[in-house]
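# Chain and residue survey
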Amino acid sequence: MSMIFKRPPIEERIAARQRELGPLKPGKVFPHAPAKFLFFFGVGVVVVTHVIALTALWWAH
């Protein structure tokens, strides 16, 4: 136990939370909606930046 904050370490808190939630239901990929949103937002940012970069290279050629 961390003596500074009087709380268990973050690893133990994460493990306890995962035990609390249990396993995912079959066919479910994301444990909650914000995880799905962040994943698709990240993929969208990568795709848009690649399209912009390829367009810039094509115009510069």
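Our subject is the structure that appears above.
Notes on the structure follow.

Nonpolar side chains collect at one region of the surface, where F39, F40, V43, V47 and V51 lie side by side and expose about 450 Å² of accessible area between them. Of note, V43 is situated in helix α2 (residues 33-60). Residue classification places V43 among the partly exposed residues on the basis of a relative accessible area of 37%.

On to helix α1 (residues 10-21). Between the first and last C-alpha of α1 there are 17 Å, a value that for twelve residues agrees with the 16 Å anticipated at 1.5 Å per step. Of the residues trailing α1, G22 is marked for its positive phi of about 80°.

Right, let's talk about the layout of surface pockets for a bit. Of the pockets and cavities examined, the largest pocket occupies roughly 220 Å³. Residue lining of the largest pocket: R17, Q18, L21, G22, P23, L24, K25, K28, P31 and H32, and that is the complete set. A class-by-class count of the residues in the lining of the largest pocket yields four nonpolar, three polar and three charged.

About the cut-offs
Residues numbered from 1 in each chain as written. Predicted model: local features only at pLDDT ≥ 70, side-chain atom pairs only at ≥ 80, totals over all residues. Heavy atoms only, no water. Patch = residues over 30% accessible without salt bridge, like charges linked within 9 Å, V, L, I, M, F, W, Y side chains within 5 Å. Areas by Shrake-Rupley, 256 points an atom, 1.4 Å probe, with all protein chains shown as cover. Salt bridge = Lys/Arg side-chain N within 4 Å of Asp/Glu carboxyl O. Helix = DSSP H or I, 4+ residues; strand = E, 2+ residues; numbered from the N terminus. Buried < 20%, exposed > 50% of the residue type's maximum accessible area, 1.4 Å probe, protein only. Expected span 1.5 Å × (residues − 1). 1 Å grid on protein atoms, 1.4 Å probe; cavity = no way out; pocket = protein on both sides within 12 Å on 5 of 7 lines; lining within 4 Å. Points joined across faces, edges and corners; volume = space filled by probe spheres on them. Nonpolar A, V, L, I, M, F, W, Y, C, P; charged D, E, K, R; others polar.

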